[in-house]
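# Chains, contacts and geometry: an overview
Read off the chains here:
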Number of protein chains: 2
Amino acid sequence: MIHSALLTDFYALTMAQGYWKNNMNKRAIFEVFFRRQPFGGGFSIFAGLGPLLDTIRDFSFSDDDLAYLESLKFFEKPFLNYLRDFHFTGSLWAMDEGTVIFPQEPLIRLSGNLIECQIAEGMLLNIINFQSLIATKTARVWLATGKGSVMEFGLRRAQGPDGAMSASRAAFIGGAAGTSNVLAGKEYGIPVLGTMAHSWIMAYPSEEEAFQAYADIYPEFPVFLIDTYDTLKSGTRNAIKVGKRVVERGKNFGVRLDSGDMHYLSVQVRKLLDDAGFPNAKISVSNDLDESIIETLTNTGAPIDSWGVGTRMVTGGDESAFTGVYKLTAREDASGKLIPTIKFSDNPEKTTNPGLKQVWRLKDSQGMAVADILGLEESPSGPDTLEQGSRYIFWHPSADYRHFYHTLEGSAEPLLKLRLDKGSLVSPQPSLEEIRRHTKAELELFDNSYKRLLNPHVYKVSVTEKLRQLKLNLIKDYLGDL
Amino acid sequence: MIHSALLTDFYALTMAQGYWKNNMNKRAIFEVFFRRQPFGGGFSIFAGLGPLLDTIRDFSFSDDDLAYLESLKFFEKPFLNYLRDFHFTGSLWAMDEGTVIFPQEPLIRLSGNLIECQIAEGMLLNIINFQSLIATKTARVWLATGKGSVMEFGLRRAQGPDGAMSASRAAFIGGAAGTSNVLAGKEYGIPVLGTMAHSWIMAYPSEEEAFQAYADIYPEFPVFLIDTYDTLKSGTRNAIKVGKRVVERGKNFGVRLDSGDMHYLSVQVRKLLDDAGFPNAKISVSNDLDESIIETLTNTGAPIDSWGVGTRMVTGGDESAFTGVYKLTAREDASGKLIPTIKFSDNPEKTTNPGLKQVWRLKDSQGMAVADILGLEESPSGPDTLEQGSRYIFWHPSADYRHFYHTLEGSAEPLLKLRLDKGSLVSPQPSLEEIRRHTKAELELFDNSYKRLLNPHVYKVSVTEKLRQLKLNLIKDYLGDL
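Residues numbered from 1 in each chain as written. Chains lettered and ligands numbered in written order. Predicted model: local features only at pLDDT ≥ 70, side-chain atom pairs only at ≥ 80, totals over all residues. Heavy atoms only, no water.

All names here are of chain B. Here strand E16 (residues 391-395) runs beside strand E17 (residues 403-407); their pairing, made up of 5 bridges, is antiparallel. Paired with tyrosine 392 across the two strands is histidine 406, which belongs to E17. Bridging between E16 and strand E21 (residues 460-464) involves 2 bridges; their strand directions are antiparallel. Across the sheet, the residue bridging to phenylalanine 394 is threonine 464, located in E21. (Pairing = 2+ DSSP bridges. Helix = DSSP H or I, 4+ residues; strand = E, 2+ residues; numbered from the N terminus.)

Across the contact, 108 residues belong to chain B and 108 residues belong to chain A. Taken together, the two surfaces of chain B and chain A that pack against each other cover about 8,700 Å², and 58% of this comes from carbon and sulfur. Considering only the surface of chain B that becomes buried against chain A, B:Arg156, B:Gln159 and B:Met202 emerge as the three largest contributors, covering 9% of it. Residue B:Arg156 is joined to A:Asp9 by a salt bridge in which the shortest nitrogen-to-oxygen separation is 2.9 Å. Element by element, the count of residues in the side of chain B that touches chain A is highest for helix H5 (residues 114-144) of chain B, at 10 residues. Per-class residue counts for the side of chain B that touches chain A are 52 nonpolar, 37 polar and 19 charged. (Contact = heavy atoms within 4.5 Å. Buried area = accessible area lost by both parts, 1.4 Å probe. Salt bridge = Lys/Arg side-chain N within 4 Å of Asp/Glu carboxyl O. Nonpolar A, V, L, I, M, F, W, Y, C, P; charged D, E, K, R; others polar.)

So, about the domain arrangement of chain A. What the domain assignment lists for chain A is domain 1 (10-136 + 319-481) and domain 2 (194-305). The C-alpha-based centres of domain 1 of chain A and domain 2 of chain A are spaced at 47 Å. (Domains from an automatic or database assignment.)

After a rotation of 180° and a shift along the axis of 0.0 Å, chain B superposes on chain A with an RMSD of 0.0 Å. Expressed as an axis order, the relation between the two copies is that of a two-fold axis. Relative to the rotation axis, the closest C-alpha in chain B is found at B:Asp318, a distance of 2.0 Å. Of the residues that chain B buries at the interface, 100% are likewise interface residues in chain A, meaning the two copies contact each other through the same surface. (Least-squares fit on C-alpha atoms with pLDDT ≥ 70 in both.)

We now examine the UniProt feature "domain: Nicotinate/nicotinamide phosphoribosyltransferase" (unreviewed entry) in chain A. Per the UniProt annotation, the sites labelled "domain: Nicotinate/nicotinamide phosphoribosyltransferase" (unreviewed entry) are residues 150-264 of chain A. Here residues 150-264 of chain A is 50% helix and 10% strand, with 21 Å between the C-alpha atoms at its ends. (UniProt positions renumbered as here; feature names shortened; annotations may be inferred.)

Looking at where B:Thr315 falls in the secondary structure, it is placed in helix H13 (residues 311-315). Classification of B:Thr315 by relative accessible area gives buried; the value is 0%. At a separation of 2.7 Å, a polar atom in the side chain of B:Thr315 contacts the side chain of A:Ser320. The residues touching B:Thr315, leaving out its near neighbours within four places in the chain, are A:Gln159, A:Ser320, B:Leu133, B:Ile134, B:Arg157, B:Ala158, B:Gln159 and B:Ser320. (Buried < 20%, exposed > 50% of the residue type's maximum accessible area, 1.4 Å probe, protein only. Polar contact = N/O pair within 3.5 Å; in protein donor to acceptor, adjacent residues only side chain to side chain.)

Residues and elements named next belong to chain B. Tracing the chain through its elements places glycine 410 in the loop between E17 and strand E18 (412-414). For glycine 410, a relative accessible area of 10% gives the class buried. Along the primary structure glycine 410 and methionine 196 are separated by 214 residues, whereas in three dimensions their C-alpha atoms are 52 Å apart.

Right, let's talk about helix H4 (residues 77-84) of chain B for a bit. All names here are of chain B. Listed as buried for H4 are Phe79, Leu80 and Leu83. Buried residues of H4, seen end-on, are gathered within an arc of 100° and therefore sit on one face of the element. Among the structural elements, helix H1 (10-21), helix H3 (63-71) and H5 are those in contact with the buried residues of H4. (Arc of directions from axis to C-beta.)

With that out of the way, let us pick up the pattern of salt bridges. Evaluation of the coordinates by the stated rule reveals 62 salt bridges over all chains. Residue B:Glu97 pairs with B:Arg169 through a salt bridge whose shortest N-O separation is 2.6 Å. Of the two residues, B:Glu97 sits in the loop between strand E3 (91-94) and strand E4 (100-101) while B:Arg169 sits in helix H6 (residues 161-174), which places them 72 residues apart along the sequence. Per residue, the accessibility class of B:Glu97 equals that of B:Arg169, and both read buried. Three or more residues joined by partner-sharing salt bridges are found here, namely A:Asp9, A:Glu121 and B:Arg156.

All right, on to the packing of aromatic side chains then. Two aromatic rings are characterised by how far apart their centres lie and by the angle between their planes. Inspection of every chain in the model, using the stated rule, returns 48 aromatic pairs over all chains. When the ring of A:Phe74 is compared with that of A:Phe75, the centres are 6.1 Å apart and the planes differ by 50°; the resulting orientation is tilted. Looking at A:Phe74, the relative accessible area reads 35%, which means it is partly exposed. Both rings, one in A:Tyr392 and one in A:Phe394, keep their centres 5.8 Å apart while their planes meet at 25°; by these two values the pair is stacked. Exposure remark for A:Tyr392: the relative accessible area of 18% places this residue in the buried category. Note on A:Phe394: relative accessible area 1%, which makes it buried. Over the ring of B:Phe39 we find B:Lys137, and its NZ or CZ is 4.4 Å from the ring centre. Over the aromatic face of B:Trp395 sits the side chain of B:Arg468, whose NZ or CZ is 3.3 Å from the ring centroid. (Phe/Tyr/Trp six-rings, centres within 6.5 Å; stacked < 30°, edge-to-face > 60°. Lys NZ or Arg CZ within 6 Å of the ring centre and 35° of its normal.)

Residues and elements named next belong to chain A. For methionine 123, the position within the fold is in helix H5 (residues 114-144). Of the residues examined, methionine 123 reaches a relative accessible area of 0% and is grouped as buried. Contact partners of methionine 123, with chain neighbours within four places excluded, come to Leu7, Leu52, Thr55, Ile56 and Phe59.

Residues and elements named next belong to chain B. Relative to each other, helix H10 (residues 231-248) and helix H11 (residues 262-275) sit at 40°, their axes nearing to 11 Å. It follows from the interaxial angle that H10 and H11 lie oblique. For the pair H10 and H11, the crossing hand works out as right-handed. For the pair formed by H10 and H11, the contact residues are Thr231, Leu232, Thr236 and Ile240 on the first element and Tyr264, Leu265, Gln268, Val269, Leu272 and Leu273 on the second. In the contact of H10 with H11, the residues fall into 7 nonpolar, 3 polar and no charged. (Axes fitted to C-alpha atoms, helices over the stretch in contact; angles between N-to-C directions. Parallel < 35°, antiparallel > 145°, perpendicular 65-115°, else oblique. Left-handed = near helix turned anticlockwise from the far one by under 90°.)

Another aspect to go through is the nonpolar core. Ranked by internal contacts, the top residues of the largest apolar core, which has 296 residues, are A:Leu69, A:Ile108, A:Trp200, B:Leu69, B:Ile108 and B:Trp200. If near-sequence neighbours (up to four positions away) are discounted, A:Ile108 is found in contact with A:Phe30, A:Glu31, A:Val32, A:Phe46, A:Leu52, A:Leu92, A:Trp93, A:Ala94, A:Leu124, A:Ile128 and A:Leu416. (Core = buried A, V, L, I, M, F, W, Y, C linked by side-chain atoms within 4.5 Å.)

Turning our eyes to something else, we now look at helix H2 (residues 49-58) of chain B. Residues and elements named next belong to chain B. Judged by how many residues are buried, H2 sits mostly within the fold: 7 of 10 residues are covered. Within the sequence span of H2, burial applies to Leu49, Gly50, Pro51, Leu52, Leu53, Thr55 and Ile56. Buried residues in H2 make contact with E3, strand E5 (108-113), H5, H6, strand E19 (417-421) and strand E20 (424-425).

Turning next to the sheet that holds E20(B). Residue and element names in this part refer to chain B. An order of E13-E12-E1-E5-E3-E19-E20 is seen for the 7 strands of this open sheet, with the pairing classed as antiparallel. Only two strands of the sheet have a single partner each, and these edge strands are strand E13 (338-340) and E20. Relative to E20, E19 runs antiparallel, the two sharing 2 bridges. The partner of leucine 420 across the bridge, within E20, is leucine 425. Of the strands in this sheet, strand E1 (27-34), E5 and strand E12 (324-332) touch H5, which is tilted by about 155° from E5.

In this section: the pairing of strand E1 (residues 27-34) of chain A. All names here are of chain A. Within E1, 7 of the 8 residues are buried, which leaves it mostly tucked inside the rest of the structure. When E1 meets strand E5 (residues 108-113), the two strands line up antiparallel, connected through 6 bridges. Pairing of isoleucine 29 across the sheet is with serine 111, part of E5. Inspection of the sheet shows E1 paired to strand E12 (residues 324-332) by 7 bridges, in the antiparallel sense. When the bridges of E12 are listed, phenylalanine 30 appears paired with leucine 328.

Here's what the structure looks like:
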C-alpha cells in the first residue's frame, strides 16, 4: 500500500497552494459517481472501500516527499510546512463495499477542507475505479458460470504487481472462489489454488511420469494438465492411468484443459473419463476465458466443473477502466454558508447533479429492488424524506423530461453511510468474506433481466423533485449569465 | 516494489516442492516471448527490465511468508527451510529496455535451477507484460501526434496505485514528455505536469476570478481549463481576458479543452486566440484520447499543441494485456547434459521454439532493420553464427514452409545480453532518460510502413536452418510416440 500523499495529480498540489494562499481552504463536498455501466452490462459492484479507508487515514507527506516538492520550485516554503502536518481530517460517507451500483449515483461523499479533498482525488479514484471494474467483471463471469466455481489466475498478465493484488481482492469480492496469487492469499486470506504448469510435465522424461510424480506428492486431489502434447491421445490417457491409482487409494482427481476447443474437448474428455469408470473426476478449463465464452459453454452444456479465469477478468479485458469521477457538489462561501455547485460541459450528459446528496434504494413489498433515488440531505427547505405509503414523482437524473410516479410500499434504504468522522473510522471494517457475501446477497435483490450479460433491462435511477428543481435553477442562473 | 517471493502462482510452489523432493532441481532454461502484436500494430516496445532486475535480486521469503505457507498444510518443514534461504542465483539475459520487439522472439532468457526459474515466473511476466503494453501504447500515441508533446494523465483510472506508477514509468519510456502523477515524478525523475481542475473554477465565484487567481500565483505559463461552463462563450473569453494580463507581464499562457468536439473547438479557439492577438498561446487537449482519435485530429490539421492522454494509454484501452509467456526451452537431464524441450499444443501456433536461443537483428548497409533471426547459442554442432557477405536461408518461426534467402550486407547484432550473472548485476542499469532515448532511436531503425497504426507491414522474424531442424526433429520424435 502506498501512503505517500504524492500519489496525486500535480494540479491537486498547485491548486492546493492556491487555496492556501488565497485563504480559500473552506469546507467542500465532493462526490464520486460513474457515468455508464462497463461491459455493456446492467449493473456494477462497488469495491475498493476498505483499501481506500486504510490509505486515506495514513495519507501524508514524508520529509523526502517535501524535499522533492521543494526541488520542483513551484511551492513556497510556508505551504510545504503546511503539508508537513497534512492528514485527512474530514468525513467520508460511502456505500457498503459489494453494493450493486448504477450510473449517476453518489458512491462516496467527502466533506472536508478543499485542500484535503483535492489531494485525495487521484488516489481515491484510482482505488475505487480499478477494484469496482474487477469486482463487476468477476460478478459477470461468476453469473455466466451459473454461480459456479471460478478461480482467479491473473497474476502474470495483471497490470503490475499491485494490479495483481488489487485484482485478486476485487475478484474475490465479485465471486471468485480463490486465486493463484499466493501473496494475495496471505494478505487477504483468499484461498489459494493451482496445480501444475506445462514446465512440470516437460521437466520429466514422459507425461505419465510427470503425472505420477505429482500424484505421489499431492495425493489428495491432483489435477493433471493434459494438453502439453496432445489432449485426447496423450494427456487424457495418462491422466486416466495415473488417476486410476489415485482412486484406488480412495481419493479423487481432476484434469485441466488449457488449449483447443473447450466444448469439443470437454465433451470428449468427459466421455473418456466416464468410460474409464471415473464419473466423479473433475474437469477444469482455462485459456483466455471471459463471461461471453463461458456463457456459451454453459448454455451448450459443456461438462465443465470449474473455471480458471485470468487476463480478461483481472484487467477488464476490452474495457480496462471504470468511469468513476469526482466532482465538487457544494462549497462553503465567504459567509460560511454551504452552497451547491454544478459543472456544465460541452457534452450535456456530463453536467453534474449539485448539492449534498443521498441515494435511497426503493424496494417492493417482497424486498426486491425497484428503483434508486437521488435526493438532497441539505437544502434550504430541509432534506428530502421518503415515507411509506406516499406517492412521489421522480425524474431522470440527466434527461430533464423523463419521469415516473411511485407509491412507496416497501422500504427506502439510504445507501451512503458515514465511514470516517474527522478522519477516524466510525466502525470496524467488514472482512473480505463478509463483503463477498454481501455482493451475493445484493445480486439477489435484482431481477435477472438487469443481470443479463448483454442488452440488460435498464434499472431506474431518478432524482427527487427537490433535487431536480435545484439543478434546473442553477442551470437557469448560469445560462442567464452567458 | 514487492519483494516477497509469494508474489507467484501457487502451482510454482507446489511444483517447486516436487522438484525439491524428487531431486530434480537441475539447471533449466526459460525464455519469455510474446505471441502477437497488441493494438493491431506492427511493433512493440520492450519495457520493465529495470524493475524486474531490482525485484528478482531481492526476491525472498520472509518469516511471515513462510509461516503463511506452513499454515496452508501443503508444504513440508524441510522444504520451507529450503525456501528460507531462497534467492535468485541464476543468470538472466535480456534485450535492452526500449528495444522494438516482435512476436516469437526471446526477450528474456533465464538460466537457473528449476525452482528459482519457476518461482520467478509470475512476477517476471507481470512486470514485463504490463510495462511493455504501456510503452507500446504510448509509442503509438506519440507517433500519432507526429512525435509531439504527450502528457500522461492516467492516475485516476490506472489499474491500482502501482498500476499508475508502472504506467507512468512505461509511458515515459514510450515517449510521454511527463506525467501528472507526482509520486512517479519523485520515484522515477519524470517531469510532472498539470494545472487546474474544474473544481478550481467552481470554487471561485466566477470563471474569470478563478483564472486570474491562478495566473497571479503561477504567472510563468498558466494553462486555463476552459470548458467548465461553456468553452467558446465563457471559457475562451475569460482565458483571453486574463491571458492578456499574463502577456502584458511578458509571459505566455495556454488553454485546455476537456470536452466537446476537439476538432471544431480547437479550430474555433485558435481563431479566437489569434484574433485577440495571441498567436503564441497554446492549446492542449484531453478527454478520452487514444492514438486513433489523435491521428484523425493530426491528419485533419487540428491546431493542437499538446496532448493529455490518460485512461486508454495507461491501461491499454481495449487491449489490456500484453501476451508475453514464459516457457521451458531446455533442461539438464540426469547425466548433466542440457537437452532442448518443446511444448506442443492443440493450438498449433502455440508450439514453442526449443533450445537456448539468441536473436540477431539484421541491418542493411544503411543501418535500417531488415529482419530478426532466432538461432541457437548451444547445439550439438555448435552455435549459430552470422557472417557478413554470407547467404543464409531463414524460416518462418511457426509455419514450417515459409522461408527466404538473405545475404548479410550490414550488421547482425545480437539483442540478448547478459544482465545477471549468478544473481548479480553485470553492469549498471541505464537511466530512464537513456531508455527513453533508446526507444526513440530504435523506432528510427524501422521503415514507417512497420509503424503504421493499422494494417502495418509485417516485419520478418525467422529462424536459422539449424533451429528449424532441431524443432522438426523434436516434433517428429514426439509425434512418433503418439
